[in-house]
Amino acid sequence: MAAIFLGVGAATALSPSNCFDSKKFQLSTRRSLSGRKPWFLVVRSDGSVNLGSNQRSRRTQQLITNAVATKADSAASTSASKQGHELLLFEALREGLEEEMDRDPHVCVMGEDVGHYGGSYKVTKGLADKYGDLRVLDTPIAENSFTGMGIGAAMTGLRPIVEGMNMGFLLLAFNQISNNCGMLHYTSGGQFTIPIVIRGPGGVGRQLGAEHSQRLESYFQSIPGIQMVACSTPYNAKGLMKAAIRSENPVILFEHVLLYNLKERIPDEEYICNLEEAEMVRPGEHVTILTYSRMRYHVMQAAKTLVNKGYDPEVIDIRSLKPFDLYTIGNSIKKTHRVLIVEECMRTGGIGASLTAAITENFHDYLDAPIVCLSSQDVPTPYAGTLEEWTVVQPAQIVTAVEQLCQ
Amino acid sequence: MALSKLSSSSSLSTNILKPLTNSFFLHRPISTDTTPLTIETSVPFTSHQCEAPSRSVETTPKELLSFFRQMATMRRMEIAADSLYKAKLVRGFCHLYDGQEAVAIGMEAGITKKDSIITAYRDHCTFLGRGGTLLEVFSELMGRKDGCSHGKGGSMHFYKKDSGFYGGHGIVGAQIPLGCGLAFAQKYSKDETVTFALYGDGAANQGQLFEALNIAALWDLPAILVCENNHYGMGTAEWRAAKSPSYYKRGDYVPGLKVDGMDALAVKQACKFAKEHALKNGPMILEMDTYRYHGHSMSDPGSTYRTRDEISGVRQERDPIERIRKLILAHDLATEKELKDIEKEVRKEVDDAIAKAKESPMPEPSELFTNVYVKGYGVEVFGADRKEVRSALP
């Protein structure tokens, strides 16, 4: 399949560096977070809270482990870093992949047309020539078995990356992902770890039809034992890809078909993004908007309109779909007291539904208004362009929702 | 005179002279005898797209006796598991392997612990063959902490990573792609080892088998797919489930071999042959013609879809332990009594293991949340909101 161009709205509005200058973008990441190690939070049902430090941090000491881009900390002294380089999102994924394959000979890629063809979205272009057929494997069209093979290989210590040409095809491998990938660490009493990464593009694209526009995050979210992350910018795509490969747990990395041609300037030095952290896209005061993947751009577009109208939305890209980063989300809710979730999943049983439940359970006292969740309609994605537009959330709907929420 | 001398000396040092008094020719101590013996398998191998290995199998008295002992242990273990299940100490599913022990034993004899084995849910004996202990088996069956998966897996999830046993899988057929993945990893690391992926005649009709076989043949993976054909997929006989019951031919371009699965020596020969073949030429299919005496699982009496005559017929004519016993007696490697003694020892071992397993404690409640994710993300996990739900059990 040819790469699909991003054509929603004005092209400039959707570049992530629009939110802040690209220079400040780099500096802010280095300055504010160099001392901060990745951590996680356990909130127990009796209210006590545990903080812990991620053991992975000792491996990542030279790296920028936290990739929260904030606007506020831009007034920093110039660092000695190089300017960084511009690239497209699929190139960022490829860079991350290549760096990890260089670093660890156990990393291999398997998927349909990833090798000689270069990948249907060019994420693995050139890798087969560089690493050979044993490390970049073209599989036949047999998702169930090659996902199973990836999991079997991971049981012995290899670190395969399984690419679904389209996330929807991974439904054929659901048994392997759910029963083997998610559960083997548990049922073997900890004997086997499955450091596999399953990635692929999903989401509603350019009139691809119902079967090729699926959002599988809602189906996978209840599988115990896996982690899910969704990337949205070249920066976090590369960072999440690297973190996912290094993680000992099975990680499903959700990409979006329409985001592959996003351009951004990313740092030259090595960095990874924390798999469990959300990204603060735009700090604000009035309402918290939680989103991920492509909807981030619809939200940012709506944010411009909202700012003109006098609202100050706080936009958080949750990135980590399982588990949710309730620390960042919670702090935001405690500040703004209003939540709007904008997602591309179906309304029924989607990520938004889980997030609504999680927020209500944990932060009910801090909410001034009921949580509003804007999701796609519960319909198979139609082919016609106008109908397809109306299955997903549009910026105008986001603006209306915020206005109603802030009354 | 000579007779009285014999009898007097025998009373002084019975151990050394007893064999002399019993049989009138010298006996070497049997347990460490490694003189090679050549024994013919019961039936010749049938092959598909390859040369069948020879019918004559090299073995030693030591090996035959170890076969006997191990198979007796497995048989005893399965029968004990049967009674434990009926006593409601083992719950859920319990799939017993008695009748099929020769496959597990013969395979072990033909390969090393560096080779990998992966099988479906009828895994108790395969686990034992790979070096698992009786205590681990019974503890896991009863859901105790000392089990091989610490009580969290159950009958269908036995694993032993350090000796290359990858389980233990509940979903029919899902272990075959995993097995091809293991073979891929072996090829990737250039280990010169192979993977045996076992499945049943019921699983032979799964699509993922053929998908995995195609990939394995395409990439020349050292994978050997072993169909343990016990002729019944739960309640469905093979002629009702498969259009072509010659499972060893189903690979089409992949060579296959049909083996008498009740003859441990034939299995050993076939596995050795398959290992050599796979390391050079890629995957192979072995079909083990075997039989299970119990039903599919403990909830299946096993007699609604087959006659008791059939079961007892197989038990009389093809029982793997009886075959080894006859071989041992025919070649005078041990006496009847010694074999009976071994069986008694085995019985005692099994009983001891059960007693010890019964004393093993249940897992701690906090174990509910361990090993969901690899440590480093904290022990408690997790739904999307990372909450630990504590409910007080009545």
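All of these numbers come straight from a predicted model, not from anything done at the bench.

**Digging into the overall build of chain B**
Check the secondary structure of chain B and you find 13 helices and 11 strands. The buried share of chain B, reckoned over its 394 residues, is 57%. At a minimum sequence separation of 6, the contacts of chain B that also span at least 24 residues come to 72%. Entry remark: accessible area of chain B is about 17400 Å², with carbon and sulfur atoms responsible for 55%.

**Some remarks on the packing of aromatic side chains**
Per the stated rule, a full pass over the model turns up 13 aromatic pairs over all chains. Relative to A:F220, the ring of A:F174 lies with its centre 5.1 Å away and its plane at 25°, an arrangement referred to as stacked. Here A:F220 lies in helix α7 (residues 217–220) and A:F174 lies in helix α5 (residues 174–181), a separation of 46 residues in the sequence. The rings of B:Y232, B:Y291, B:Y293 and B:Y305 are connected pair by pair, giving a single aromatic cluster. Its end group placed over the ring of A:Y186, B:K152 keeps NZ or CZ at 4.3 Å from the ring centre. Between the NZ or CZ atom of B:R306 and the centre of the ring of B:Y232, over which it lies, the distance is 5.6 Å.

**Examining empty space enclosed by the protein**
All names here are of chain A. If you walk through the whole model with that rule in mind, you get 9 cavities of 30 Å³ or more. Computed from the structure, the largest cavity encloses a volume of approximately 80 Å³. Every residue along the wall of the largest cavity is listed here: G202, G203, R215, E217, F254, E255, H256, Y292, S293 and E344. Considering every element that reaches the lining of the largest cavity, the biggest residue donor is strand β9 (residues 251–256), with 3 residues. Of the residues in the lining of the largest cavity, the class split is 2 nonpolar, 4 polar and 4 charged.

**A closer look at the interface of chain A and chain B**
Taken together, the contacts link 65 residues of chain A with 51 residues of chain B. Approximately 5000 Å² of surface area, both sides summed, lies buried where chain A meets chain B, with 60% of it carried by carbon and sulfur atoms. Scanning the region where chain A abuts chain B turns up 0 salt bridges. Inspection of the region where chain A meets chain B yields 17 residue pairs in polar contact (both at pLDDT 80 or more). Residue contributions to the side of chain A that touches chain B peak at 11 residues, all from helix α4 (residues 143–156) of chain A. Of the residues in the side of chain A that touches chain B, the class split is 28 nonpolar, 26 polar and 11 charged.

**Describing the domain arrangement of chain A**
All names here are of chain A. Domain assignment breaks chain A into domain 1 (84–267) and domain 2 (279–406). Placing a centre on the C-alpha atoms of domain 1 and another on those of domain 2 gives a separation of 26 Å. At the interface, 31 residues of domain 1 touch 27 residues of domain 2. Each partner contributes to the roughly 2300 Å² buried at the junction of domain 1 and domain 2, and carbon and sulfur atoms together form 53% of this total. Ranking the residues of domain 1 by area buried against domain 2 places Q207, R215 and Q221 at the top, with a combined share of 27%. Our enumeration of links across domain 1 and domain 2 arrives at 0 salt bridges. Run the count over domain 1 and domain 2 and you get 21 residue pairs in polar contact (both at pLDDT 80 or more). Elements with a minimum of two residues in the side of domain 1 that touches domain 2: α7, β8 (227–230), α8 (234–246) and β9.

**Remarks on helix α7 (residues 175–188) of chain B**
All names here are of chain B. With 14 residues, α7 extends 20 Å between its outermost C-alpha atoms, agreeing within 8% with the 20 Å of an ideal straight helix rising 1.5 Å per residue. Of all 14 residues in α7, 13 are buried, a share of seventy percent or more. A positive phi of about 55° marks K190, the residue just after α7.

**Regarding the packing of helix α3 (residues 61–86) of chain B against helix α6 (residues 134–141) of chain B**
All names here are of chain B. Relative to each other, α3 and α6 sit at 20°, their axes nearing to 11 Å. Classified by the angle their axes make, α3 and α6 are roughly parallel. Crossing of α3 against α6: the hand is right-handed. Note on element contacts: α6 touches α3 through L134, V137, F138 and L141, opposite T73, M77, A80, A81 and L84.

**Looking at helix α8 (residues 207–218) of chain B**
Helix length check: α8(B), at 12 residues, gives a terminal C-alpha distance of 17 Å against a target of 16 Å (1.5 Å per residue), a fit within 8%. For α8(B), the set of buried residues is B:Q208, B:L209, B:A212, B:L213, B:I215 and B:A216. Seen end-on, α8(B) carries its buried residues on one side only, within an arc spanning 165°. If you follow the buried residues of α8(B), they end up packed against α4 and α5 of chain A together with α7, β5 (195–200), β6 (223–229) and β10 (284–289) of chain B.

**Notes on the sheet that holds strand β6 (residues 159–163) of chain A**
Backbone-to-backbone hydrogen bonds pair the strands of a sheet. The strands run either parallel or antiparallel. Residue and element names in this part refer to chain A. Strand order in the open sheet made by the 7 strands is β5-β4-β6-β7-β9-β8-β14, with mixed pairing throughout. Single-partner strands in this sheet number two, and they are β5 (136–138) and β14 (320–322). Across the sheet, the mean angle separating the axes of adjacent strands is 20° when strand polarity is ignored.

**A few points about the nonpolar core**
Across soluble globular proteins, nonpolar side chains have a tendency to be buried as a group. A:F220, A:I359 and B:F184 are the most contacted members of the largest nonpolar core, which totals 80 residues. Looking at this core, the element that brings in the most residues is α7(B), giving 8 residues. When residues of this core are sorted by domain, at least three fall in each of domain 1 (84–267) and domain 2 (279–406) of chain A. Beyond its immediate sequence surroundings of up to four residues, A:F220 is in contact with A:L170, A:F174, A:I177, A:I226, A:M228, A:I252 and A:F254. Counting residues in each nonpolar core, the second largest holds 72 residues, with B:F138, B:L198, B:V267 and B:I342 among its members.

**Topic: the state of the cysteines**
Joining two cysteines, a disulfide is a covalent bond between their sulfur atoms. All chains considered together, the criterion is met by 0 disulfides over all chains. Its sulfur unpaired, B:C94 is 10 Å from the next cysteine sulfur, which belongs to B:C125.

**Some remarks on the confidence of the model for chain A**
For chain A, per-residue confidence averages 81 on the pLDDT scale, and residues scoring 70 or more make up 80% of the total. pLDDT under 50 marks residues 1–80 of chain A. Its contacts with residues more than four places away, or in other chains, come to 155 contacts.

**Here's the deal with the sheet that holds strand β4 (residues 116–118) of chain B**
All names here are of chain B. Strand order in the open sheet formed by 6 strands is β2-β9-β10-β6-β5-β4, with mixed pairing between adjacent strands. Of all strands in the sheet, those with a lone pairing partner are β2 (46–48) and β4, marking the two edges. In this sheet, adjacent strand axes meet at a mean angle of 20° when their direction is disregarded. Strand direction decides the pairing type here: β4 and β5, joined by 3 bridges, are parallel. Within β5, the residue paired with I118 across the bridge is A197.

**Some details on the packing of helix α10 (residues 326–336) of chain A against helix α11 (residues 351–363) of chain A**
Residues and elements named next belong to chain A. Orientation of α10 relative to α11, taken along the N-to-C sense of each, is 65°, at an axis distance of 11 Å. Of the two elements, α10 crosses α11, and the hand of that crossing is right-handed. Note on element contacts: α11 touches α10 through L355, I359, N362 and F363, opposite L326, I329, G330, I333 and K334.

Each value, and the rule that gives it
Residues numbered from 1 in each chain as written. Chains lettered and ligands numbered in written order. Predicted model: local features only at pLDDT ≥ 70, side-chain atom pairs only at ≥ 80, totals over all residues. Heavy atoms only, no water. Helix = DSSP H or I, 4+ residues; strand = E, 2+ residues; numbered from the N terminus. Buried < 20%, exposed > 50% of the residue type's maximum accessible area, 1.4 Å probe, protein only. Contact = heavy atoms within 4.5 Å. Areas by Shrake-Rupley, 256 points an atom, 1.4 Å probe, with all protein chains shown as cover. Phe/Tyr/Trp six-rings, centres within 6.5 Å; stacked < 30°, edge-to-face > 60°. Lys NZ or Arg CZ within 6 Å of the ring centre and 35° of its normal. 1 Å grid on protein atoms, 1.4 Å probe; cavity = no way out; pocket = protein on both sides within 12 Å on 5 of 7 lines; lining within 4 Å. Points joined across faces, edges and corners; volume = space filled by probe spheres on them. Nonpolar A, V, L, I, M, F, W, Y, C, P; charged D, E, K, R; others polar. Buried area = accessible area lost by both parts, 1.4 Å probe. Salt bridge = Lys/Arg side-chain N within 4 Å of Asp/Glu carboxyl O. Polar contact = N/O pair within 3.5 Å; in protein donor to acceptor, adjacent residues only side chain to side chain. Domains from an automatic or database assignment. Expected span 1.5 Å × (residues − 1). Axes fitted to C-alpha atoms, helices over the stretch in contact; angles between N-to-C directions. Parallel < 35°, antiparallel > 145°, perpendicular 65-115°, else oblique. Left-handed = near helix turned anticlockwise from the far one by under 90°. Arc of directions from axis to C-beta. Pairing = 2+ DSSP bridges. Core = buried A, V, L, I, M, F, W, Y, C linked by side-chain atoms within 4.5 Å. Disulfide = S-S within 2.5 Å. pLDDT = per-residue confidence, 0-100.

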